[in-house]
Amino acid sequence: MNRFVLAGTGSGVGKTTFTIGIMRALMKRGLNVQGFKCGPDYIDPAYHSAVTKRPSRNIDSFMMDHDTVRAIVARASNDADAAIIEGVMGFYDGKSPLSNEGSAAHISEITSSPVILIVNAASMARSAAAIVKGFQMLDENSHIVGVIANQLGSRSHFDIVKTAIEQECGIPVIGYLPKGAVAKMPSRHLGLVPAIERGDLDSYFDSLAEAIEETVDIDQLLELTKAQVLAVSSSIFDAQPERQEVHIAVARDAAFNFYYEENLELLRAHGATLDFFSPLQNEEVPEKAQGLYIGGGFPEEFAETLAKNEAAKLSIKAALERGLPTLAECGGFMYLTEEIADRKGQAFPMIGVIPGRVRMQDKLAALGYREITGVPGNFLMNEGEQAKGHEFHYSSYEGELSSPAYFSKGRFRSQREGYLTDNLVAGYTHFHFASNPQLVKNWLAACLEAEHELFPVINES
């Protein structure tokens, strides 16, 4: 099969443009294409999924161990002809400036995947070779097999760049895109995801594929990126022997759709049946629910509708009051507060089980990996248990969280965060269950225990 990392020299060089364009071009050839994204991003995978019609997967060498990364790639691409792994930031950028951990380079090494490096060669000639050579030499395991140049002025400009790189670096330059060859990609923001899923950008995807097919040698790309099938004997995603049959209600719609696909698979592997419902459509928590999962998204984009959907709000509030063990991440956390105030200051009433409100702002409030440690009373993470996750939001919480849910450690801060009750863990962090599958076991066990307390077995004597 074909498997490769499409990496860049830095952010903004065109990784997503080339990724979705090449995906579409390969699909036009009749190939089944599986997408992956290095790191915790939710938006680029939405593009991949819209193009390939398959769920794109996040793979991250900080949040999960190497065997788990390989298992995700092997499982998801088992029936695919080509697997394309879109990098994050620059090829070597990850958790630390001192190592490859969390970078596209690390993912390439872990998955034995060749690399196509994208270089913005605008206003360059021979200097482009110096950039590529530097990327080759920084790590002997870089496995860069080819280059694509972006933002070139003409075909002759490409010939100059190609000649320089191939002579100095010993690898082929398989194509380019000239300046203005494709329309600028819509700014990738949270509110764009529903438009992607509706198919509003399909014509744009087709135009990318057509442009790339004109100036990138797809046959050479396929020849360079042949890779061995990853052998995985077993993984944490296999059905677990001690399965606990539990129904988990999952809020999933245009307002709440940020779920790592592997989080859902881990729940299923441990016996959970996932019952999806839509607060945005005013749907109530399914009757069979023994637990509740409200993931991230952008409820602020739909705050007026969510505020009016009383049936959904009352149903979720009642589920929490009944004692259903509930995890609410980022957007879910926001939804459970008293209100969401938009950037203009207009406030919309939410569910109100968490005191205080959330206020949207133009400035990014938090971004980065999080190492999470459980505190006493946390049903998801026992005291001292640890997991990893990520935080990314433009809102700030205004209120007093008297009972924080966990201890959160980031690069620049360490503090108690979130909101905790006997059956609610809520906060801005998105957990990745693959970082510690014990969280899934804890959650399902708590669901069964809560149900037993609600409906105790009556012993007849």
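Rules used in this analysis
Residues numbered from 1 in each chain as written. Predicted model: local features only at pLDDT ≥ 70, side-chain atom pairs only at ≥ 80, totals over all residues. Heavy atoms only, no water. UniProt positions renumbered as here; feature names shortened; annotations may be inferred. Helix = DSSP H or I, 4+ residues; strand = E, 2+ residues; numbered from the N terminus. Buried < 20%, exposed > 50% of the residue type's maximum accessible area, 1.4 Å probe, protein only. Core = buried A, V, L, I, M, F, W, Y, C linked by side-chain atoms within 4.5 Å. Domains from an automatic or database assignment. Contact = heavy atoms within 4.5 Å. Pairing = 2+ DSSP bridges. Axes fitted to C-alpha atoms, helices over the stretch in contact; angles between N-to-C directions. Salt bridge = Lys/Arg side-chain N within 4 Å of Asp/Glu carboxyl O. Polar contact = N/O pair within 3.5 Å; in protein donor to acceptor, adjacent residues only side chain to side chain. Nonpolar A, V, L, I, M, F, W, Y, C, P; charged D, E, K, R; others polar. Left-handed = near helix turned anticlockwise from the far one by under 90°.

- The name given to the chain in an unreviewed UniProt entry is Cobyrinate a,c-diamide synthase, with Cytobacillus oceanisediminis 2691 as the source organism.
- Among the UniProt annotations of the chain, the heading Sequence similarities (unreviewed entry) holds the following wording: "Belongs to the CobB/CbiA family."

### A few points about the UniProt feature "active site" (unreviewed entry) in the chain
Then comes step 1: Per the UniProt record, "active site" (unreviewed entry) is found at Cys330.
Then comes step 2: Of note, cysteine 330 is situated in the loop between strand 13 (326-329) and helix 13 (331-336).
Then comes step 3: The buried category is assigned to cysteine 330, whose relative accessible area is 5%.

### Quick notes on the nonpolar core
Then comes step 1: Phe91, Ile248, Tyr293, Ile316, Phe431, Phe433 and Trp443 are the most contacted members of the largest nonpolar core, which has 109 residues in total.
Then comes step 2: Structurally, this core is a two-domain feature, drawing no fewer than three residues from each of domain 1 (2-224) and domain 2 (246-454).
Then comes step 3: Every residue in contact with isoleucine 248, bar those within four places of it in the chain, is listed here: Ala272, Thr273, Leu274, Asp275, Gly291, Leu292, Tyr293, Trp443, Leu444 and Cys447.
Then comes step 4: Of all hydrophobic cores here, the second largest spans 31 residues; its members include Ile118, Ile174, Val216 and Ile218.

### Details of helix 10 (residues 261-269)
Then comes step 1: For helix 10, the buried fraction is high: 8 of the 9 residues fall into the buried class.
Then comes step 2: Turning to helix 10, its buried residues are Glu261, Glu262, Asn263, Leu264, Glu265, Leu266, Leu267 and Ala269.
Then comes step 3: Glycine 271 lies just past helix 10 and shows a positive phi near 110°.

### Side note on the sheet that holds strand 4 (residues 82-86)
Then comes step 1: Strand order across the open sheet formed by 7 strands is 3-2-4-1-5-6-7, with parallel pairing between neighbours. Edge positions in the sheet fall to strand 3 (57-59) and strand 7 (173-178), since each has one partner strand and no second. For this sheet, the mean inter-axis angle between neighbouring strands, taken without regard to orientation, is 25°.
Then comes step 2: Sheet topology places strand 1 (residues 2-8) next to strand 4; 5 bridges connect them, and they run parallel. Across the sheet, the residue bridging to valine 5 is isoleucine 85, located in strand 4.
Then comes step 3: Across the sheet, helix 3 (residues 66-76) lies against strand 1, strand 2 (33-38) and strand 3, angled at about 155° from strand 3, the strand it touches most.

### Looking at the environment of glutamate 400
Then comes step 1: Along the chain, the position of glutamate 400 falls in the loop between strand 19 (395-398) and strand 20 (406-409).
Then comes step 2: Residues glutamate 400 and glycine 331 lie 69 residues apart in sequence; the distance between their C-alpha atoms is 18 Å.

### Observations regarding the domain arrangement of the chain
Then comes step 1: Entries for the chain in the domain assignment read domain 1 (2-224) and domain 2 (246-454).
Then comes step 2: With 22 residues of domain 1 at the contact, the number on the domain 2 side is 24 residues.
Then comes step 3: The interface formed by domain 1 and domain 2 holds 3 salt bridges in total.
Then comes step 4: A salt bridge links arginine 57 to glutamate 262; the shortest N-O distance between them is 2.6 Å.
Then comes step 5: Counting the contacts that link domain 1 with domain 2 gives 6 residue pairs in polar contact (both at pLDDT 80 or more).
Then comes step 6: Sorting the residues of the side of domain 1 that touches domain 2 by element identifies strand 3, helix 3 and helix 7 (193-198) as the ones contributing at least two each.
Then comes step 7: Residues of the side of domain 1 that touches domain 2, tallied by class, amount to 10 nonpolar, 7 polar and 5 charged.

### Some words on the sheet that holds strand 22 (residues 419-420)
Hydrogen bonding along the main chain pairs the strands of a sheet, whether they run parallel or antiparallel.
Then comes step 1: Here we have 6 strands laid out as an open sheet, ordered 10-8-11-13-23-22, and mixed in their pairing. A strand with exactly one partner marks an edge of an open sheet, and here the two such strands are strand 10 (272-277) and strand 22.
Then comes step 2: The sheet contact formed by strand 13 and strand 23 (residues 424-427) spans 4 bridges and is parallel. Bridge pairing in strand 23 links leucine 327 to valine 425.
Then comes step 3: The strands touched by helix 10 within the sheet are strand 10 and strand 11 (291-294), with strand 10 carrying the most contacts at an inclination of about 135°.

### Considerations on the side chain of glutamate 391
Then comes step 1: For glutamate 391, the location among the structural elements is in strand 18 (residues 386-393).
Then comes step 2: Within polar-contact distance, the side chain of glutamate 391 engages the side chain of histidine 393 at 2.8 Å.
Then comes step 3: Once you skip the residues sitting within four places of it in the chain, glutamate 391 turns out to touch Ala366, Leu367, Gly368, Arg370, Arg413, Glu417, Tyr428 and Thr429.

### Some points on the pattern of salt bridges
Then comes step 1: With the rule as written, the count across this model stands at 24 salt bridges.
Then comes step 2: Two residues, lysine 28 and glutamate 213, come together in a salt bridge whose shortest N-O distance is 2.9 Å. Taken as a pair, lysine 28 in helix 1 (residues 15-28) and glutamate 213 in helix 8 (residues 202-215) lie far apart in primary sequence, 185 residues in all.
Then comes step 3: Owing to a relative accessible area of 49%, lysine 28 belongs among the partly exposed residues under this scheme.
Then comes step 4: The exposure class of glutamate 213 is partly exposed, given its relative accessible area of 32%.
Then comes step 5: Among the salt bridges present, the one from glutamate 339 reaches arginine 357, with a minimum N-O distance of 3.2 Å. Remark: arginine 357 occurs in strand 16 (residues 354-360) and glutamate 339 occurs in strand 14 (residues 337-341); sequence separation between them is 18 residues.
Then comes step 6: One connected set of salt bridges, linked through shared partners, spans Arg57, Arg75, Asp238, Glu262 and Glu265.

### Structural notes on the packing of helix 5 (residues 127-138) against helix 6 (residues 155-169)
Then comes step 1: Taken N-terminus to C-terminus, the directions of helix 5 and helix 6 make an angle of 35°; their axes are 8 Å apart at the nearest point. For the element pair helix 5 and helix 6, the recorded crossing hand is right-handed. For the pair helix 5 and helix 6, contact is made by Ala128, Ala129, Val132, Lys133 and Gln136 and by Val161, Ala164, Ile165, Glu168 and Cys169, respectively.
Then comes step 2: Each residue belonging to the contact of helix 5 with helix 6 can be placed in one class, and the counts come to 7 nonpolar, 1 polar and 2 charged.

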